[in-house]
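# Summary of the model geometry
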Number of protein chains: 2
Amino acid sequence: MKKNYKMIVSYDGTRYYGWEHQPDTDMTIQGKLEAVLEGLRMSEGTGGADASPITVIGAGRTDAGVHARAMTCNVLLDTELTEEALQAYMNRYLPEDISVNDVRICADRFHSRFKAMGKTYRYTCWYGASRPVFDRKYVYVLDRKPDIGRMQAAADLMTGLRDYKSFCGNPRMKKSTVRAVDTVRIEESGSYIRFYIHGSGFLQNMVRIMTGTLLEVGFGDRDPEEIPEILAACDRSRAGFTAPAKGLCLMKVDY
Amino acid sequence: MKKNYKMIVSYDGTRYYGWEHQPDTDMTIQGKLEAVLEGLRMSEGTGGADASPITVIGAGRTDAGVHARAMTCNVLLDTELTEEALQAYMNRYLPEDISVNDVRICADRFHSRFKAMGKTYRYTCWYGASRPVFDRKYVYVLDRKPDIGRMQAAADLMTGLRDYKSFCGNPRMKKSTVRAVDTVRIEESGSYIRFYIHGSGFLQNMVRIMTGTLLEVGFGDRDPEEIPEILAACDRSRAGFTAPAKGLCLMKVDY
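Computed from a predicted model, the values in this text were never measured in an experiment. (Residues numbered from 1 in each chain as written. Chains lettered and ligands numbered in written order. Predicted model: local features only at pLDDT ≥ 70, side-chain atom pairs only at ≥ 80, totals over all residues. Heavy atoms only, no water.)

Another point: the overall build of chain A. A count of helices and strands for chain A gives five helices and 10 strands. Here chain A has a C-alpha radius of gyration of 20 Å; the compact-globule value for 255 residues is 18 Å, and the two agree. The principal-axis extents of the C-alpha atoms in chain A amount to approximately 60 × 40 × 30 Å. Per-residue burial over chain A gives 52% buried out of 255 residues. Intrachain contacts of chain A at a sequence separation of at least 6 include 72% that bridge at least 24 residues. As displayed, chain A offers around 11700 Å² of accessible surface, 50% of which is attributable to carbon and sulfur atoms. Here chain A holds 35 positive side-chain charges and 33 negative ones, and the gap between their average locations is 1 Å. (Helix = DSSP H or I, 4+ residues; strand = E, 2+ residues; numbered from the N terminus. Rg over C-alpha atoms; globule rule 2.2 N^0.38 Å. Buried < 20%, exposed > 50% of the residue type's maximum accessible area, 1.4 Å probe, protein only. Contact = heavy atoms within 4.5 Å. Areas by Shrake-Rupley, 256 points an atom, 1.4 Å probe, with all protein chains shown as cover. Lys, Arg positive; Asp, Glu negative; His and termini not counted. Charge placed at Lys NZ, Arg CZ, Asp CG, Glu CD.)

Spelled out as structure tokens, the structure:
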């Protein structure tokens, strides 16, 4: 009997082509999770020759190189293992840059993407005379110091229920580009500058383009007052650069 | 005119054969620092054909794979650069897993090894159902949970001014193996178990053998009461295993 398992997963995205399956590579988070679960099915003999492939449904797609502290996903499985034993099995066979932090049997109707109500992302920058040796793969090192006050003023103009088409990295996006973003908070701590962004959902590259645009404001290349014009233009070319993937981390998915 | 520069350096030791020069490899921390300073001397033209090699003197040697948050070193240099410019130059040319955090001109008599009064090391273990994805290169993952109380009881018997020959990884050590260790403190925080060890100085592998011995106590394979006997034996084979290098980090050098 298949049951629906909800899982919380963290990963260092450095080596991966993102969450979602890609043709011609097995280096995706989804692919690694499914491969381990296929191995379990084979060892338990619960599959059979005509079994459909196991599909792990993620709350969203993270880009190549983006990290997650708490991606939520779900998967229908027929296994004898308890939740704890399933978690231990996965952590034994997954590569060490992916961890399953929690496994729970959940209602059949739970769908990690359709039921997601919000997401928190964190983008981490570093500026200083020294360098971030121990988390160098998780931060974007700046060569100038951006003005935090200017960036926060611009950030406050980015929130709301809006059309974020100017902040969408996919030029062929056909569906609605309206999203609700309620928080864009910038925190400075020592050499770290962290952007916390919470919203109902995000377009492709949206957090990275928002961060890149805010950094351009922080460097004085743009004014905070330009943000409403950029949003109104619904034109990707009006917004700033796409900040590098390595600084971005999915922190939490709300249900 | 040569001046004496005191530097604070941090490094991720994963890729390196330790602090000290080794034959047949340039992958040492000392070697990388000296290579960058030789490059500076060449660009400034202050060396000359008969110049002696630049030597960076560290407070101590860290083993292959061991990390440092604040290694102190000093080096005699003839350069036009200010302290800040020298730091910036080094961070521009060093690999990204080594950082110079501070540079100060100091008294000529300062010698980072001879003047070192004490050192703090931290050894980090992890035990949990999930895995330490983001600091997996800096922690030793345990497959059982050690008893913290038993380890702290044993740790309290390890301190003092003592002959630590049983905790010395170099069987050909000719010099005194007497050292003063005043702190061995074990802290648990979530899935992390951290050993903080402070002393006047340490023998080769000493912190790692102390940690390995404490873990064996924590796993119930030894009793805390054995520690005085192990110390008295002055015999490496009586102590526990050498905990892996990756968990060890030099935190601070006192002067």
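All names here are of chain A. Structurally, chain A comprises domain 1 (3–106) and domain 2 (118–254). Put simply, the middle of domain 1 and the middle of domain 2, counted by C-alpha atoms, are 29 Å apart. Taken residue by residue, the interface counts 15 residues in domain 1 and 16 residues in domain 2. A combined buried area of about 1100 Å² lies between domain 1 and domain 2, and 56% of that area is made up of carbon and sulfur atoms. When the buried surface of domain 1 facing domain 2 is broken down by residue, D63, H67 and R69 rank first, second and third, together holding 42% of it. The interface formed by domain 1 and domain 2 contains one salt bridge. Here D63 ties to R208 by a salt bridge, and the two come within 2.9 Å at their closest N and O atoms. Considering only residue class, the side of domain 1 that touches domain 2 consists of six nonpolar, six polar and three charged. (Domains from an automatic or database assignment. Buried area = accessible area lost by both parts, 1.4 Å probe. Salt bridge = Lys/Arg side-chain N within 4 Å of Asp/Glu carboxyl O. Nonpolar A, V, L, I, M, F, W, Y, C, P; charged D, E, K, R; others polar.)

With the rule as written, the count across this model stands at 31 salt bridges over all chains. R104 of chain A is the salt-bridge partner of D102 of chain A, the closest N and O atoms lying 3.3 Å from each other. Owing to a relative accessible area of 42%, R104 of chain A belongs among the partly exposed residues under this scheme. When the shortest N-O distance is used, the salt bridge between D223 of chain B and R150 of chain B registers 3.3 Å. Here the residue D223 of chain B occupies a position in the loop between α4 (206–218) and α5 (226–233), and R150 of chain B occupies one in helix α3 (residues 148–156), the gap between them amounting to 73 residues. Exposure remark for R150 of chain B: the relative accessible area of 25% places this residue in the partly exposed category. Ionic contacts of the salt-bridge type, sharing partners, join the residues D12 and E96 of chain A together with R136 of chain B into one network.

With that settled, consider the relation of the copies chain B and chain A. Mapping between the two copies of the chain is achieved by a rotation about an axis and a shift along the axis. Once turned by 180° and shifted 0.0 Å along the axis, chain B lies on chain A with an RMSD of 0.0 Å. The relationship between the two copies is best expressed as a two-fold rotation axis. No C-alpha of chain B lies nearer the rotation axis than that of D135 of chain B, which sits 4.0 Å from it. (Least-squares fit on C-alpha atoms with pLDDT ≥ 70 in both.)

A word on the environment of L81 of chain B. Residue and element names in this part refer to chain B. Along the chain, the position of L81 falls in the loop between β3 (67–77) and α2 (83–93). What makes L81 partly exposed here is its relative accessible area of 25%. Contact partners of L81, with chain neighbours within four places excluded, come to Y5, L40, E44, L86 and Y89.

Each partner contributes residues to the interface: chain B has 24 residues there, and chain A has 24 residues. Where chain B abuts chain A, roughly 2100 Å² becomes buried across the two surfaces, and 50% of that area is made up of carbon and sulfur atoms. Per-residue buried area on chain B facing chain A is highest for R131, F134 and R136 of chain B; these three make up 39% of the total on that side. The interface formed by chain B and chain A contains four salt bridges. The salt bridge partner of D12 of chain A is R136 of chain B, with a shortest N-O separation of 3.0 Å. Counting only elements with at least two residues in the side of chain B that touches chain A, the list comes to β1 (3–11), β3, α2 and β4 (98–106) of chain B.

Here we take up the packing of α3 of chain B against α4 of chain B. Residue and element names in this part refer to chain B. Interaxial distance between α3 and α4 falls to 8 Å at its minimum, and their mutual angle equals 135°. Taken together, the axes of α3 and α4 are oblique relative to one another. The two elements α3 and α4 meet at a crossing, and its hand is right-handed. Where α3 approaches α4, its residues R150, M151, A154 and A155 are matched on the opposing element by L214, L215, V217 and G218. For the contact of α3 with α4, the class distribution of residues is six nonpolar, one polar and one charged. (Axes fitted to C-alpha atoms, helices over the stretch in contact; angles between N-to-C directions. Parallel < 35°, antiparallel > 145°, perpendicular 65-115°, else oblique. Left-handed = near helix turned anticlockwise from the far one by under 90°.)

The phi dihedral of C234 of chain A is positive, around 50°, even though this residue is not glycine. Within the secondary structure, C234 of chain A sits in the loop between α5 (226–233) and β10 (248–254).

Because an α-helix packs 3.6 residues into every turn, residues spaced three or four apart end up facing the same way. Residue and element names in this part refer to chain B. Within α3, burial applies to I148, M151, Q152, A154 and A155. Across the axial projection of α3, the buried residues extend over an arc of 160°, all falling on one side. Packed against the buried residues of α3 are β8 (178–189), β9 (192–199), α4 and α5. The N-terminus of α3 is capped by D147, whose side-chain oxygen sits 2.9 Å from the backbone nitrogen of G149. (Arc of directions from axis to C-beta. Polar contact = N/O pair within 3.5 Å; in protein donor to acceptor, adjacent residues only side chain to side chain.)

Residues and elements named next belong to chain B. Most of strand β5 (residues 118–126) sits inside the fold, with nine of its nine residues counted as buried. Note that β5 and strand β10 (residues 248–254) share six bridges and pair antiparallel. Note that in β10 the partner of T120 across the bridge is K252. The pairing of β5 with β9 spans eight bridges and is classified as antiparallel. By the bridge assignment for β9, W126 is matched with Y192. (Pairing = 2+ DSSP bridges.)

Before going further, it helps to spend a moment on the packing of aromatic side chains. Tallied over the full model, the rule gives 17 aromatic pairs over all chains. Against the face of F134 of chain B rests R69 of chain A, its NZ or CZ located 4.2 Å from the ring centre. Above the ring of F219 of chain B, the side-chain terminus of R144 of chain B is found at 4.0 Å from the ring centroid. (Phe/Tyr/Trp six-rings, centres within 6.5 Å; stacked < 30°, edge-to-face > 60°. Lys NZ or Arg CZ within 6 Å of the ring centre and 35° of its normal.)

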